[in-house]
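Each chain, written out:
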Amino acid sequence: MSRAIQIGIIGDVHRQFDSLDVKQFNQSDYDLLLCTGDLANLWHREGLAPARQMAQLQKPTLIIPGNHDSLSLPQLVAEIKERRYLRRWLAWGQPRRLRQWQRALGPVQVGGYSVHSVPGGQDVAVVVGRPFAMGGSVLHCQPQLQRQFGVDTMAESAARLCQLVAQTSQSRLIFLAHNGPSGLGSRRDSIWGNDFDPQQGDFGDSDLREAIAFARQRGKAVLAVVAGHMHHHVKQEGQRTWHLVQDGVHYINAARVPRIFEADGRIHHHHIRLTIDDNSVTVSEQLRQGNDF
Ligand SMILES: [Fe+2]
């Protein structure tokens, strides 16, 4: 049996990634780190300090831009309200902001409609989904997606993801996205359920769901689907499901926000460990205390 692959998953950062995280991950046994994005809260510039911290990571690291990465605040509001013309006008500065964000991240690889190999896992690939996803099966940041990837609609996004899957030579896949797929529940505490609308509902994305279904039809083993965006804390009360196994696929919502928090008089740093060996996948939440470093 070959050695197990160890993957560390960093959920939505929202300004919280510090030198203790860098030290911990650099000293860890992880072969690869995956990050679901959202380094900033509301202002693009807030994301640059955590990006510079992540640039210090000595492990191969892959990140997908979230809906708070490289968007200006007015642009984010226009996207939320789906103001078609306003959001097009406000997107003009996004290429410059994205370049700035990527520069701050240094060696961290920024994925999006892309496929990546896994160190130590010859038959495993990571397929990275649509950047800047905000959920609800809406193609947010369409001007930027059009410019950067030639993707104009959800149908084109799904087709692009399926095309990427078809091109993979590996038989075992992990998907990394900012928001998760649709089809996994429509309660407010479902893994990607809507907790800000009293009607609740499924807030997952259909293009990602189609790509996962396509991969399975093609005989690929989908080991895990890693995403965030819908924070663990549900707005009304309680916590959403963050880990679900369906048809042998591990769905992981890594968005424990804030990921650094105080409890019982101690500071905890959250991430998730994904372990893959020849015939099993295990997922566990990791809470490290400041004095564990
Ligand atoms: Fe997000």
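Residues numbered from 1 in each chain as written. Predicted model: local features only at pLDDT ≥ 70, side-chain atom pairs only at ≥ 80, totals over all residues. Heavy atoms only, no water.

S.K.: Sorry, what's going on with the pairing of strand E7 (residues 172-179) here?
M.R.: E7 sits mainly inside the fold: 8 of its 8 residues count as buried. Bridge analysis of strand E6 (residues 121-128) against E7 gives 5 bridges, and the strand direction is parallel. Within the sheet, the bridge partner assigned to Val124 lies in E7 and is Arg172. The pairing of E7 with strand E8 (residues 221-228) spans 6 bridges and is classified as parallel. Residue Leu176 lies in a different strand from E8, and its bridge partner there is Val226. One crossover worth recording links E7 to the parallel E8 by way of helix H8 (residues 206-217), and it is right-handed. (Buried < 20%, exposed > 50% of the residue type's maximum accessible area, 1.4 Å probe, protein only. Helix = DSSP H or I, 4+ residues; strand = E, 2+ residues; numbered from the N terminus. Pairing = 2+ DSSP bridges. Right-handed = clockwise from strand over helix to strand, strands pointing away.)

S.K.: Explanation requested: the coordination of the iron ion in the structure shown.
M.R.: Working reference: metal with six octahedral donors, ideal angles 90 or 180 degrees; metal with four tetrahedral donors, ideal angle 109.5 degrees. Those donors, Asp38 (OD), Asn67 (OD1), His178 (NE2) and His229 (ND1), are the protein atoms that reach the iron ion, and they lie 2.1 to 2.3 Å from it. Every donor counted, the 4 donor atoms about the iron ion form angles of 88 to 164° at the centre, which fits irregular coordination. All donors of the iron ion belong to a single chain; written as a sequence motif, their spacing is D-x28-N-x110-H-x50-H. Here the residue Asp38 occupies a position in the loop between strand E2 (32-35) and helix H2 (48-54), and Asn67 occupies one in the loop between strand E3 (61-63) and helix H3 (73-80), the gap between them amounting to 29 residues. Here Asp38 falls in the buried class, since its relative accessible area comes to 1%. A relative accessible area of 4% places Asn67 in the buried class. (Donors = N, O, S within 2.8 Å, 3.2 Å for Na, K, Ca; no water. Tetrahedral: all angles 85-135°; square planar, octahedral: opposite > 155°, others 65-115°.)

S.K.: Looking at this model, I keep getting lost on the sheet that holds strand E10 (residues 249-253). Mind explaining?
M.R.: Strand pairing in a sheet relies on backbone hydrogen bonds, with the paired strands running either antiparallel or parallel. Strand order in the open sheet formed by 6 strands is E5-E6-E7-E8-E10-E9, with mixed pairing between adjacent strands. On the outer flanks of this sheet lie strand E5 (114-118) and strand E9 (243-246), each paired with one strand and no other. Neighbour to neighbour, the strand axes of the sheet diverge by 20° on average, direction disregarded. Against the sheet, H8 makes contact with E7, E8 and E10, and its axis sits at roughly 175° relative to E7, the strand it touches most. (Axes fitted to C-alpha atoms, helices over the stretch in contact; angles between N-to-C directions. Contact = heavy atoms within 4.5 Å.)

S.K.: Got a minute to help me understand the pattern of salt bridges in this structure?
M.R.: Summed over the entire model, instances satisfying the criterion amount to 10 salt bridges. Its salt-bridge partner being Glu79, residue Arg87 comes within 3.2 Å of it at the nearest N-O pair. Here Arg87 falls in the buried class, since its relative accessible area comes to 12%. (Salt bridge = Lys/Arg side-chain N within 4 Å of Asp/Glu carboxyl O.)

S.K.: Is there a simple way to think about the nonpolar core in this case?
M.R.: What tends to happen in soluble globular proteins is that the nonpolar side chains get buried as a cluster. By size, the foremost hydrophobic cluster in this structure holds 54 residues, and its most contacted members are Met54 and Phe175. In contact with Met54, other than residues within four places in its own chain, are Ile10, Phe17, Cys35, Leu39, Ile63, Leu105 and Val108. Formed by 24 residues, the second largest nonpolar core is a distinct cluster that contains Leu32, Ile64, Val126 and Leu274. (Core = buried A, V, L, I, M, F, W, Y, C linked by side-chain atoms within 4.5 Å.)

S.K.: Explain the environment of Asn279 to me, please; I cannot follow it from the model alone.
M.R.: By secondary structure assignment, the location of Asn279 is in the loop between strand E12 (266-276) and strand E13 (281-289). Remark: the alpha-carbon pair of Asn279 and Ala4, spanning 275 residues in sequence, is separated by 9.8 Å.

S.K.: So what exactly am I meant to see when it comes to the side chain of Asn179 here?
M.R.: Structurally, Asn179 is set in strand E7. On the basis of relative accessibility, which here comes to 2%, the residue Asn179 falls in the buried class. At a separation of 3.1 Å, a polar atom in the side chain of Asn179 contacts the side chain of Asp205. The residues touching Asn179, leaving out its near neighbours within four places in the chain, are Ala133, Gly135, Gly136, Trp192, Phe203, Gly204, Asp205, Leu208, Ala227, Gly228, His229 and Met230. (Polar contact = N/O pair within 3.5 Å; in protein donor to acceptor, adjacent residues only side chain to side chain.)

S.K.: Explain the packing of helix H7 (residues 154-167) against H8 here, please?
M.R.: Running from N to C, H7 and H8 cross one another at 30°; their axes reach a closest spacing of 8 Å. Relative to H8, the element H7 lies roughly parallel. Seen along the crossing, H7 lies across H8 with a hand that is right-handed. Residues Met154, Ser157, Ala158, Leu161, Cys162, Val165 and Ala166 of H7 pack against Ser206, Asp207, Leu208, Glu210, Ala211, Phe214 and Ala215 of H8. Taken together, the residues of the contact of H7 with H8 sort by class into 10 nonpolar, 2 polar and 2 charged. (Parallel < 35°, antiparallel > 145°, perpendicular 65-115°, else oblique. Left-handed = near helix turned anticlockwise from the far one by under 90°. Nonpolar A, V, L, I, M, F, W, Y, C, P; charged D, E, K, R; others polar.)

S.K.: Can you walk me through the side chain of Arg259 in this structure?
M.R.: On the secondary structure map, Arg259 appears in the loop between E10 and strand E11 (260-263). In this structure Arg259 comes out as buried when scored by relative accessible area, which is 1%. At 2.8 Å, the side chain of Arg259 and the backbone oxygen of Gln16 are in polar contact. Once residues within four sequence positions are removed from consideration, Arg259 is found in contact with Ile10, Gly11, Asp12, Val13, Gln16, Phe17, Asp21, Phe25, His268, His269 and His270.

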